Amino acid sequence: MKRTPLVVANWKMHGQSEWIKHYIHEFVKAVGKPGQCEIVLCPPFVYLSQLQVLLRETGLGMGAQNLHDSEQGAFTGEVSGPMLKEIGCSYVVVGHSERRRLFGETDAQVAAKFAAARLYSLVPILCVGENEAERAAGTTERIVQRQLDAVLHVCGIDAFAGAVIAYEPVWAIGTGVTATPAQAQAAHGFIRNYIASHSEASAGSMRILYGGSVRAGNAAELAQQQDVDGALVGGASLAAKEFLAICAGFTG
Ligand code: PGA
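Everything numeric here is computed off the predicted structure, so don't read it as measured data. Per-chain numbering applies: the sequence of each chain, read as written, is numbered from 1 onward. Only residues with pLDDT of at least 70 get local features here, since the model is predicted, and only at 80 or more are side-chain atom pairs given and counted; chain-wide, interface and lining totals rely on the full set of residues. Values reported for side chains reflect all heavy atoms of the structure, with hydrogen atoms and water molecules removed beforehand.

1. Some words on the pattern of salt bridges
No. 1: Salt bridges are defined by distance alone: a side-chain nitrogen of Lys or Arg within 4 Å of a carboxyl oxygen of Asp or Glu. A full pass over the atoms with the stated rule returns twelve salt bridges.
No. 2: Salt-bridge contacts for Glu18 lead to Lys21; the nearest nitrogen and oxygen are separated by 3.1 Å. A residue pair is termed a helical-turn pair when its members lie 3 or 4 positions apart in one helix, as Glu18 and Lys21 do in helix α1 (residues 17-31) at three residues.
No. 3: Accessibility here uses a 1.4 Å probe with only protein chains present; expressed as a share of the type maximum, an area under 20% marks a residue as buried, one over 50% as exposed, and anything in between as partly exposed. Glu18 sits in the exposed class, given a relative accessible area of 55%.
No. 4: You can call Lys21 partly exposed: its relative accessible area is 42%.
No. 5: Close ionic contact of Arg192 with Asp227 constitutes a salt bridge, the shortest N to O distance being 2.9 Å. Taken together, the residues span a long stretch of sequence, with Arg192 in helix α8 (residues 181-196) and Asp227 in the loop between α10 (216-223) and β8 (230-233) at a distance of 35 residues. Per residue, the accessibility class of Arg192 equals that of Asp227, and both read buried.
No. 6: Connected through salt bridges with shared partners, the residues Arg3, Arg192, Asp227 and Asp229 form a single ionic network. Numbering of helices and strands runs from the N terminus; a helix is a DSSP stretch of H or I covering at least four residues, while a strand is a stretch of E covering at least two.

2. Quick word on the pairing of strand β3 (residues 61-64)
No. 1: A two-sided burial pattern is seen for β3, the buried positions comprising Gly61 and Gly63 on one face and Met62 and Ala64 on the other.
No. 2: Strands were regarded as paired on the criterion that DSSP finds at least two bridges between them. As paired elements, strand β2 (residues 38-42) and β3 share two bridges and run parallel to each other. Considered in β3, the bridge of Leu41 is made with Met62.
No. 3: Place the viewer so that the strands point away; then a crossover is right-handed whenever the path from the first strand over the helix to the second strand goes clockwise. Tracing the backbone out of β2, into helix α2 (residues 48-54) and back to the parallel element β3 gives a crossover that is right-handed.
No. 4: Note that β3 and strand β4 (residues 91-94) share two bridges and pair parallel. Residue pairing for β4: Gly63 is matched across the bridge by Tyr91.
No. 5: Handedness of the crossover joining β3 and β4 through helix α3 (residues 81-86): right-handed.

3. Let's talk about the sheet that holds β8
Sheets are built from strands that pair by backbone hydrogen bonding, the pairs being arranged parallel or antiparallel.
No. 1: Read around the closed barrel, the eight strands follow the order β1-β2-β3-β4-β5-β6-β7-β8; overall the barrel is parallel. Strand-to-strand, the axes of this sheet are offset by a mean angle of 25°, without reference to chain direction.
No. 2: Judged from the four bridges that link them, β4 and strand β5 (residues 123-128) form a sheet pairing that is parallel. Bridging from a neighbouring strand, Val92 pairs with Pro124 of β5.
No. 3: Contacts between residues were defined by any pair of non-hydrogen atoms, one from each residue, lying within 4.5 Å. Each axis is a line fitted through C-alpha atoms, and for a helix only the stretch in contact is used; angles between axes span 0 to 180 degrees, taken between their N-to-C directions. The strands touched by helix α5 (residues 107-119) within the sheet are β4 and β5, with β5 carrying the most contacts at an inclination of about 160°.
No. 4: Relative to the sheet, α8 contacts β5, β6 (164-167) and β7 (207-211), its axis offset from that of β7 by approximately 150°.

4. Things to note about the packing of aromatic side chains
No. 1: The aromatic pairing rule takes the rings of Phe, Tyr and Trp, using the six-membered ring of Trp, and pairs them if the centres are within 6.5 Å, calling planes under 30 degrees apart stacked, those over 60 edge-to-face and the rest tilted. Applying the stated criterion across every chain, the model contains eight aromatic pairs.
No. 2: Ring centres of Tyr23 and Phe27 lie 6.0 Å apart, and the angle between their planes is 15°; this geometry places the pair in the stacked category. Taken together, the residues Tyr23 and Phe27, both in helix α1 and four residues apart, mark about one turn of the helix. Assigned by exposure class, Tyr23 and Phe27 land together as buried.
No. 3: An aromatic cluster of at least three residues, connected via ring pairs, comprises Trp11, Trp19, Tyr23, Phe27 and Phe243.
No. 4: Consider the ring centre and the ring normal. A charge sits over the ring if Lys NZ or Arg CZ is within 6 Å of that centre and within 35 degrees of that normal. In this structure, Arg99 is placed above the aromatic ring of Phe103, and the distance from its NZ or CZ to the ring centre is 4.2 Å.

Take a look at the structure:
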């Protein structure tokens, strides 16, 4: 099955109004109408509405970096799926390793967020991946399977149809050390096969992004791997030109 490449910019806690205006101007001018590659930008929550206006008629998509699993309620500082949907998000990142590591998100919470994204018609971008010690111990597949199982148990296999999984080895995030194309393919192949062992249809329709120090210089090589359907880009997405070059790497 041919899957449209998807490249997602995760700006994390970067970018204010003027910067965003300038970035989009520069990016849109150079990208024209994105063709064979779907491009999604994920700014901090407070800039979603500004971005939504700037992205009109551009063909670029918008996502959020996190959500709460409830529809509404007394959850100070949180943002819900219906709010993200209303403001124009199509995607939402769930279970990013920074959320897991720095904010204590558990597998169970990540699964609840994945379910909420589905319930409110947002496409979840589920982040999974091992840390350095886990890779050294040879437990990469076990860790990734545990993270997938948590979601499978709560949401079921059909929830993976059309979803996005981002394989992001923690040791590659923000470190400048990228997984080799072979390491990326091995992990992506494992993820695809594991989901396929439950449902071929879900596995075939799901896009698996690689994340972790993706740059213009390594995007095209990663893109050639059979099960790499795109990228989740942090640091390098903060420069419009660099991010553009990464998108070009996935457009072929
Ligand atoms: P990086 O971040 O590209 O800066 O390594 C990727 C991510 O955290 O999604």
